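Listed below are the residues making up each chain.
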Amino acid sequence: MSQFHETNRVYPELHDDRPLQPDAKDWLGLEAVASHLATVLSQPGLRTGFTLGVEGAWGAGKSTLIRAVSRELKKRASAPEVIVFNPWLIGDRASLLAALFGDVADAIERMQDDNEGLTEKGKEALVATARKVRSYAVHASSLAKVLSLASTIMPGGAVIAATLEGMAKTAERFSEAAASLPADEPLTAQKQRLEESLATLPAPLIVFVDDLERLEPAETLEMVRLIRAVGDLPNIIYVLCYDRKVLVANLENVLAVKNGDRYLEKVVQVTLPLPQPESFTLRDWFYDEALKISGLREGENDDAEAIRRLNKVVMEEGGIALTTPRDVLRALNALKLYWPPIQAYVDFSDLVWVQLVRLKSPRLYNWVVNYVTQFADVARFGANVHGTERSMRELKSLLRKRPSGFKSEFFRLSAIVPGLYLTTNPKTKKQEPRGYTFDHHTLAELARRARLGSPHYFRYYFAFGPAAGELHESGVSEIIGQLKSDDAAFQASMQRLAETKTPHGVQLASLVDRLTAISDSFDEIQAKAVLAAMSNCMDAAHLHDSESFGVTRVWEAGERLWRAALGAVRKENIGLVLRSAAEEGQALGWIARRLSFDLYTAQREQSTHWSVDDVKLAVSRFLHRVARLGLEIKASAHLAEILHLWCLTDGVDVVRKHAGPLFQDDEFFLRFLHSARGWVGADRVYRPLRAADLQDLLDQKSARTRVQEMQETLGAYPQHLRSMIVEVETAFDEADQLRR
């Protein structure tokens, strides 16, 4: 499970890509730039008309700077009127002119309220100037176009309603202004009268035009032409914000010229390139905010390792992904979206790494998604992976293009993505990437920490939850809680999951892996509960699970949990636990398999936690029970395991004597043969039934003849035995094929 503190799934507020708020920490140092720029824009010499260009890449903080400059200007004596003009929803030149001058006129009228010492005569002059601005716009453009709605397409009902209302008011004001103007006055005369009126304004107007380069190329040209045409009007200062590279390309495209820079220079008197944020500043900003999202606490020993890993991820991958302030905000938004609902099921540093890679390295991100998905299939189900050579070539190509080069990037990647290693190509002598290797100790550690490479947790990083049919981690947590406080409920849950199928087997296999990952925290009572539950449910799980390499996944995983749980029982109590399983456990096939392995381990290894005598006594009790049960044992999951243990302990002759009559029962006979099949992987998977597999309990030739006779009367048997007859007959045939 995740090692991070619970935060009750608090959902941090997402950033909506608007300028940073005033109360946000000034990581970019824009407040100082804003103060300087506000001082420059307040210079009296600019009141004859001036155009400044603020240049920066998308997401560099231009909009944030505009807001900061606007706030700074409003603090000053004789503060100018600030207009933020948005040309996005406006179409042709006439419409742009009408909208811009409408905003200018509105700002002039606001000066009546913003200048307390203004006389009535001064207020009347402002109203008259605003009227002249609107009148000039009327005669400088086609009023019909200004008022036309047909050329403007605006999504969103609220936006349309607001725009229609604004256009109606604008039309009314423009009509009034036009009516007050002599019809025969030339446009040049109008402009001269307008300049005279604007020159008397008590404070300048500063018009900010943001994201100029995001307009369509033709619209960009119209806006630049408009600024050029009216940029010399007194007391109006224009601040254009744009990405120079994109804006120049748009101008060159629509003007069909080779040097858009020269055209732009005719419009903009001076430019202020927005300073490029330092990489370390962006990473520090992201790290500081990510730490708040995570709930990790600096200075606490329990969080020290997690914080170290987070810092390493941000410093390494953040150096690639975080190149603009917008990158920082987008990555933080991704964490705010993903982290709250899955925080108990993922490792925060791994999640940060995934989101940073997704931000700027989408091809590598897609490769990681595909790889960890396949890795999970290999680790859980023993699946074969196709196209591994092609996948590794793609990985090598992707890593070569990253800043640190293939080898360094590979080792960074392998610290997060499991199963990767380098091998030397014998022909080229070059190191090549390989993957999909694992050991069960590593898998358990990945699961314990909910790492990206865990076959049980990886999908949470990409899809907020487990694969279809898999046990959700909330269910795992509930069952672990039962283990600690409600033994009966725990036993029932284990049995239920043993009988619950998924597309890949049974749900119990996933729970067994999770229990193994936390087994070092078991006390003796919990360990005994786990062993008792397994002694009852593992046969049912085996019957419902799918096989890989000749053994079901749930049994393979169960072997590790069984050993771990036995290790948590005090040595003097091991014999009692084993005898309890032998005498009372319902999963006879599982118990036989475990006792066989435990006896072998105790006899071969001196350092085992349990003694040979403990296991032998448990085996004796178990076989006594098997003999007493007779035909009842045929329902066991792996009948061959039971008879194998019996033969090892008492000899084949004894088993023949007791079990010989049982083979007369067709179902007992078939279940033994079916469970005795071997497993061979070659050009495909073979399940042969050879003479050695019969453990001298049956003659192979006679057994095969009997199965063939059953095949001839297949319809007389129940469905579950029909499929068994066919599979056993196939097993005999495959033994012949392999022998040849």
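That block above? That's the structure.
Residues numbered from 1 in each chain as written. Predicted model: local features only at pLDDT ≥ 70, side-chain atom pairs only at ≥ 80, totals over all residues. Heavy atoms only, no water.

Novice: Explain the environment of Phe732 to me, and be specific about the residues and the numbers.
Specialist: Position of Phe732 relative to the elements: it lies in helix 32 (residues 719-739). Taking relative accessible area as the criterion, Phe732 reaches 1% and is therefore assigned buried. Considered as a pair, Phe732 and Arg704 are 28 residues apart in the sequence and their alpha carbons are 7.1 Å apart. Sequence-distant contacts of Phe732, that is, excluding residues within four places in its chain, are made with Leu689, Gln700, Ala703, Arg704 and Val707. (Helix = DSSP H or I, 4+ residues; strand = E, 2+ residues; numbered from the N terminus. Buried < 20%, exposed > 50% of the residue type's maximum accessible area, 1.4 Å probe, protein only. Contact = heavy atoms within 4.5 Å.)

Novice: Before we move on, could you go through empty space enclosed by the protein and cite the residues and values that matter?
Specialist: Using a probe with the size of a water molecule, rolled over the atoms, empty space left in the structure can be pinpointed. According to the stated counting rule, one finds four cavities of 30 Å³ or more in the structure shown. Lining the second largest cavity, in full, are Arg380, Pro455, His456, Phe458, Arg459, Pro466, Ala467, Glu470, Leu471 and Arg514. Partitioning the lining of the second largest cavity into residue classes produces five nonpolar, one polar and four charged. (1 Å grid on protein atoms, 1.4 Å probe; cavity = no way out; pocket = protein on both sides within 12 Å on 5 of 7 lines; lining within 4 Å. Points joined across faces, edges and corners; volume = space filled by probe spheres on them. Nonpolar A, V, L, I, M, F, W, Y, C, P; charged D, E, K, R; others polar.)

Novice: Please set out helix 22 (residues 508-517) residue by residue, giving values where relevant.
Specialist: Burial within helix 22 is extensive, with 10 of its 10 residues counted as buried. If you follow the buried residues of helix 22, they end up packed against helix 18 (440-448), helix 20 (473-485), helix 21 (487-498), strand 9 (505-506), helix 23 (524-544) and helix 24 (553-567).

Novice: Now, about the pairing of strand 2 (residues 81-85): what can you tell me, with residues and values included?
Specialist: Within strand 2, four of the five residues are buried, which leaves it mostly tucked inside the rest of the structure. In this structure, strand 2 lies alongside strand 3 (residues 205-209), joined through five bridges in parallel fashion. For Val84, the partnering residue across the bridge sits in strand 3 and is Phe208. (Pairing = 2+ DSSP bridges.)

Novice: For the packing of helix 1 (residues 30-41) against helix 2 (residues 62-74), give the residues involved together with the corresponding values.
Specialist: With their axes 8 Å apart at the nearest point, helix 1 and helix 2 run at an angle of 55° to one another. Taken together, the axes of helix 1 and helix 2 lie oblique to each other. Our pair here, helix 1 against helix 2, has a crossing hand that is right-handed. Here helix 1 contributes Leu30, Glu31, Val33, Ala34, Ser35, Leu37, Ala38 and Leu41 to the contact with helix 2, which in turn contributes Thr64, Leu65, Ala68, Val69, Arg71, Glu72 and Leu73. In the contact of helix 1 with helix 2, the residues fall into 10 nonpolar, two polar and three charged. (Axes fitted to C-alpha atoms, helices over the stretch in contact; angles between N-to-C directions. Parallel < 35°, antiparallel > 145°, perpendicular 65-115°, else oblique. Left-handed = near helix turned anticlockwise from the far one by under 90°.)

Novice: Residue-level account of the nonpolar core, with values.
Specialist: The biggest cluster of nonpolar side chains holds 88 residues, and the ones touching the most others in it are Leu508, Leu595, Phe622 and Phe672. The element contributing the most residues to this core is helix 23, with 10 residues. Setting aside residues no more than four positions away along its own chain, Phe672 makes contact with Leu639, Ala640, Leu643, Phe663, Asp693, Leu694, Gln695, Leu697 and Leu698. Within the second largest apolar cluster, 68 residues are counted, among which are Ala321, Ala331, Val357 and Tyr457. (Core = buried A, V, L, I, M, F, W, Y, C linked by side-chain atoms within 4.5 Å.)

Novice: Go over unusual backbone geometry with me, naming the residues and quoting the values.
Specialist: Residues other than glycine seldom take positive phi values, yet Tyr436 does so here, at roughly 70°. Of note, Tyr436 is situated in the loop between strand 7 (431-434) and helix 18. Looking at Tyr436, the relative accessible area reads 11%, which means it is buried. At Asp696, a position not held by glycine, the phi torsion is positive, near 65°. Summarising the element assignment, Asp696 is placed in the loop between strand 13 (685-686) and helix 31 (700-712).

Novice: Got a sec to walk through helix 2? Specific residues and values, please.
Specialist: Spanning 13 residues, helix 2 covers 19 Å between terminal C-alpha atoms, matching the ideal 18 Å at 1.5 Å per step. Its buried side turned inward, helix 2 meets helix 1, strand 1 (50-55), strand 2, strand 3 and strand 4 (236-242). (Expected span 1.5 Å × (residues − 1).)

Novice: Residue-level account of the pairing of strand 1, with values.
Specialist: For strand 1, a buried count of six out of six residues is recorded, marking the element as mostly surrounded by other parts of the structure. Residues Phe50, Leu52 and Val54 point to one face of strand 1 and Thr51, Gly53 and Glu55 to the other, with burial holding for every one of them. As defined by bridge partners, strand 1 adjoins strand 4 across six bridges and the pair is classed as parallel. Bridged to Gly53 within strand 4 is Leu240. Bridge count between strand 1 and strand 5 (residues 270-273): four bridges; the pairing is parallel. When the bridges of strand 5 are listed, Glu55 appears paired with Pro273.

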